[in-house]
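Chain residues, written in single-letter form:
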Amino acid sequence: MTTSNGLHLSAGSAANGPYALDIGPGRPGWAHTALRVVHLDPGAAHVFDTGDAEWIVLPLQGACTVQIDETMYQIQGRESVFAQVSDFAYAPRDARVQIASGAGGRFALAGAKCERQLPARYGPAPEVPVEERGSGTCARRVRNFAAAGAFDCDKLIAVEVITPGGNWSSYPPHKHDEHLPGEESELEEIYYFEIEDGGLGYQRVFPSRAGGADVLAEVRTGDAVLVPDGWHGPSIAQPGHAMYYLNVMAGPGATREWRIRFHPDHIDRAGGYR
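Because the structure is predicted, anything quoted here is derived from the model rather than measured.

1. What to know about the overall build of the protein chain
When helices and strands are counted, the protein chain shows 0 helices and 22 strands. Against the 2.2 N^0.38 benchmark of 19 Å for 274 residues, the protein chain shows a C-alpha radius of gyration of 17 Å, consistent with a compact globule. The principal-axis extent of the C-alpha atoms belonging to the protein chain is close to 50 × 40 × 35 Å. A fraction of 74% describes how many contacts in the protein chain between residues 6 or more apart in sequence connect residues 24 or more apart. A total of about 11,200 Å² of accessible surface is found on the protein chain, and carbon and sulfur atoms cover 48% of it.

Here's what the structure looks like:
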């Protein structure tokens, strides 16, 4: 059973031109965050203009070169999202980007509308902070490659989460849909999923206000869930099949920060957070 109100995008349903997935400002009710996934055949390249957004080129599978205006970066990438942390490249607004891959691969473009033009940069894999969160059946691993305190962006926040098969993550349910200084930041969020060995998972989002986001979705590789508002979690991995998700967040606040509130009915029972 899937209840989504259009917020669960099954694999292929949001394809557009060269992109297997294309989410961005301009969708109804969507203003700040963007996520694209591009598949490159061996020897192929993809060129795009960043426009009024900043972008991170993150390999999901494979290696590539990323040319941002006149600067070239060699990205070693990885065999799969489950194998290891990847290096990445940051592209500022108002730039031209070319991604090329000799052996081919799949590449995520995580973006956010922004104001400042920061310098293009390379993000080395060994410098990505990796965090073990939760315990027991709520244990998971978070790769904070573009978390607010880990890598400088103007608006964009992005992390990866690996949830072992049978575990819950994004738990206890939490939200970030109000601006409450020092307590909660207002952020849209995209979840992009890959499930190990053809498995499945489940994602829940439930309202924090009348008429708010309400999702109960069975998710598989290539699916995405949009979280414009509301309590989100848990993300549940099928036993025997690890779950990966890429979170992309941004909002209207002047300060780039990830501040969340936990659902009061769950926090005392949870083995961790997010």
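2. Regarding the sheet that holds strand β19 (residues 224-227)
Either a parallel or an antiparallel arrangement is found when strands of a sheet pair, and the pairing is made through backbone hydrogen bonds. Strands sit in the order β1-β19-β16-β21-β13-β12-β11 across an open sheet of 7 strands; the sheet is antiparallel. Looking at which strands have only one partner, the edges of the open sheet turn out to be β1 (8-9) and β11 (130-133).

3. Section: the pairing of strand β7 (residues 88-91)
What you see with β7 is no split at all: Phe-88 and Tyr-90 on one side and Ala-89 and Ala-91 on the other are buried throughout. Bridging between strand β5 (residues 53-68) and β7 involves 3 bridges; their strand directions are antiparallel. Residue pairing in the sheet places Trp-55 in a bridge with Ala-91 of β7. Here 3 bridges tie β7 to strand β10 (residues 121-123), and the two strands are oriented antiparallel to one another. Within β10, the position partnered with Ala-89 by the bridge is Tyr-122.

4. Notes on the nonpolar core
For soluble globular proteins, the rule of thumb is that nonpolar side chains tend to be buried together. Leu-35, Ile-56, Phe-145 and Leu-246 are the most contacted members of the largest nonpolar core, which totals 52 residues. Sort the elements by how many residues they give to this core and strand β21 (residues 243-250) lands first, with 6 residues. In this structure, Val-38, Ala-53, Tyr-73 and Ala-91 belong to the second largest nonpolar core, which totals 20 residues.

5. Structural notes on the side chain of Glu-160
For Glu-160, the location among the structural elements is in strand β13 (residues 157-163). One polar contact links Glu-160 to Arg-78, side chain to side chain, over a distance of 2.5 Å. A distance of 2.7 Å separates the side chain of Glu-160 from the side chain of Tyr-244, its partner in a polar contact. Setting aside chain neighbours within four positions, we find Glu-160 in contact with Leu-58, Arg-78, Arg-141, Val-142, Arg-143, Phe-145, Tyr-244, Tyr-245 and Leu-246.

6. Things to note about the state of the cysteines
Overall, the coordinates contain 0 disulfides when judged by the stated rule. With no disulfide of its own, Cys-64 lies 17 Å from the sulfur of Cys-153, the closest cysteine sulfur. For Cys-64, a relative accessible area of 4% corresponds to the buried category. The thiol of Cys-153 is unpaired, and the distance to the nearest cysteine sulfur, on Cys-114, comes to 9.0 Å.

7. A short note on the packing of aromatic side chains
Taken as a whole and judged by the stated rule, the model has 9 aromatic pairs. Measuring from ring centre to ring centre gives 5.9 Å for Tyr-191 and Phe-193, while their planes differ by 20°; the resulting arrangement is stacked. Looking at Phe-193, the relative accessible area reads 0%, which means it is buried. Members of the aromatic cluster, joined through ring pairs, are Phe-88, Tyr-90, Phe-145 and Phe-151. Lying across the ring of Tyr-90, Arg-121 places its NZ or CZ 4.5 Å from the centre. Taking the ring centre of Trp-231 as reference, the NZ or CZ of Lys-175 above it sits at 5.7 Å.

8. Regarding the pattern of salt bridges
In total, this model carries 19 salt bridges according to the counting rule given. When the shortest N-O distance is used, the salt bridge between Asp-49 and Arg-96 registers 2.8 Å. Here Asp-49 is found in strand β4 (residues 44-49), whereas its partner Arg-96 is found in strand β8 (residues 96-101), with 47 residues between them in sequence. By relative accessible area, which is 46% here, Asp-49 ends up partly exposed. When the shortest N-O distance is used, the salt bridge between Arg-261 and Glu-184 registers 2.6 Å. Of the two residues, Arg-261 is situated in strand β22 (residues 261-262) and Glu-184 in the loop between β15 (174-175) and β16 (188-195); the sequence distance between them amounts to 77 residues. Note on Arg-261: relative accessible area 25%, which makes it partly exposed. Assessed through its relative accessible area of 1%, Glu-184 is described here as buried.

Calculation criteria
Residues numbered from 1 in each chain as written. Predicted model: local features only at pLDDT ≥ 70, side-chain atom pairs only at ≥ 80, totals over all residues. Heavy atoms only, no water. Helix = DSSP H or I, 4+ residues; strand = E, 2+ residues; numbered from the N terminus. Rg over C-alpha atoms; globule rule 2.2 N^0.38 Å. Contact = heavy atoms within 4.5 Å. Areas by Shrake-Rupley, 256 points an atom, 1.4 Å probe, with all protein chains shown as cover. Pairing = 2+ DSSP bridges. Buried < 20%, exposed > 50% of the residue type's maximum accessible area, 1.4 Å probe, protein only. Core = buried A, V, L, I, M, F, W, Y, C linked by side-chain atoms within 4.5 Å. Polar contact = N/O pair within 3.5 Å; in protein donor to acceptor, adjacent residues only side chain to side chain. Disulfide = S-S within 2.5 Å. Phe/Tyr/Trp six-rings, centres within 6.5 Å; stacked < 30°, edge-to-face > 60°. Lys NZ or Arg CZ within 6 Å of the ring centre and 35° of its normal. Salt bridge = Lys/Arg side-chain N within 4 Å of Asp/Glu carboxyl O.

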